[in-house]
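Structure at a glance
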Amino acid sequence: MKAKFLVPEIDRKRWAKEFKERMRLYELKSKDLNDIGASSNSEQRINKLKNGAIPLIEPFLALCRFFNCPPDVFLYANPKWVECEIDRSIDDIWPWRILGLYKDTCYLVPNYEIYDLGYEFTVGAKIKRLKKKPDPARYSNYHQWGTKYDLENRVVGGKIVYHFPYLDDEKTSAKIFSLLNQHGLSNKQVQKLLGLSAQSLSNRRCPPGGSRTWQRWTIRDIYKLSWILNLRFEDLLKIKYQREKRKSIFDPIVFIMHYEPRKKKSPAKKPARHDD
């Protein structure tokens, strides 16, 4: 049957805005991010991020820990529908992710209980028939909130202390292909959904020790897969931690002052009207 998956492209403008806002909030300069991860960040590289460049996965993971910010909160989406034939009946695909049917096409969205846009599914329920093609833009603020970091024994003086994260490429590659297989997605379907050629997808299958043609999975790939497979960003990765430690910049007081919704003032009451 025909299906359309909601797939996110990274909104570079919003990513840059969020990144610069966090820098401003903590009064940071580019040089202050030089030693927050396993690899150093030059001021030139940080300035590129401020202009919308997307980092490699390991520097990105370090940024997430430094700011104590889950990946999905950094990566705002420009969602779009990507059509992909599936060779299963509607009862065999993930029913809790079905937004509805429009004409002969099933629309599939990521869905967590913490942010389900009010769509509910109960066993035996009828799939909703949509009156028009759903607008993917309604998910532009959707966040899966990423992995919840274990803070036990890692808070020192009000700051979170983290070990430098880096990726185990072989295990990450094996995990992703295993998950794709578990979800019954063929190579052709994955190519369509991720916008990859057959060779590019094949090159992401990391052999032991790597090879000249091997390509790492990118943030763009992982972000898309997190929505397609309905998994949090870091649940697709195998992360190792180096012994080096760093204190995060996260300050709960500053965070609450900045992000706590402001109370709306009650509108002034209009004087009662007295008709003559």
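Above this text sits the structure in question.
The following paragraphs examine the structure supplied in this document. Here the residue numbers are simple positions, counted from 1 along each chain's written sequence. Whole-chain, interface and lining totals are the exception, using all residues; otherwise, since this is a predicted model, local features are given only for residues with pLDDT of at least 70 and side-chain atom pairs are given and counted only at 80 or more. Each side-chain value is derived from all of the structure's non-hydrogen atoms; neither hydrogens nor water enter the calculation.

This next bit is on the sheet that holds strand β7 (residues 239-247). Paired strands, in this sense, are two strands between which DSSP finds at least two bridges. Numbering of helices and strands starts at the N terminus; helices are DSSP runs of H or I of at least 4 residues and strands are runs of E of at least 2. Spatially, the three strands line up as an open sheet ordered β5-β6-β7, and their pairing is antiparallel. Two strands lie at the open edges of the sheet, namely β5 (155-156) and β7, each paired on one side alone. When β5 meets strand β6 (residues 159-167), the two strands line up antiparallel, connected through two bridges. What sits directly across from V156, in β6, is K159. Here helix α3 (residues 57-66) sits on the sheet and contacts β6 and β7; the angle it forms with β6, its principal contact strand, is near 170 degrees. Two residues form a contact once any of their heavy atoms are found within 4.5 Å. To obtain each axis, a line is fitted to C-alpha atoms, and for helices this fit is confined to the stretch in contact; angles are then taken between N-to-C directions over 0 to 180 degrees.

We count a salt bridge whenever a side-chain nitrogen from Lys or Arg sits within 4 Å of a carboxyl oxygen from Asp or Glu. If you walk through the whole model with that rule in mind, you get twelve salt bridges. With a shortest N-O distance of 4.0 Å, D104 and K2 are connected by a salt bridge. You can see D104 sitting in the loop between β3 (98-102) and β4 (105-108) and its partner K2 sitting in strand β1 (residues 2-10), a full 102 residues away along the chain. Notably, a salt bridge pairs K80 with E9, separated by 3.4 Å at the nearest N-O pair. With K80 in strand β2 (residues 77-85) and E9 in strand β1, this residue pair connects regions lying 71 residues apart in the sequence. The exposure class assigned to K80 is partly exposed, which follows from its relative accessible area of 37%. Buried residues are those whose accessible area, probed at 1.4 Å on protein chains only, stays under 20% of the maximum for their type, while exposed residues exceed 50% and partly exposed ones sit between those limits. The exposure class of E9 is buried, given its relative accessible area of 19%.

We now examine α3. Because each turn of an α-helix spans 3.6 residues, side chains separated by three or four positions in sequence point in the same direction. In terms of residue burial, α3 counts as a mostly covered element, since nine of its ten residues are buried. Those residues of α3 that sit buried are I57, P59, F60, L61, A62, L63, C64, R65 and F66. If you follow the buried residues of α3, they end up packed against α1 (12-25), α2 (43-50), α4 (71-74), β6, α8 (219-228) and β7. The first or second residue beyond α3 is N68, which carries a positive phi of 50 degrees.

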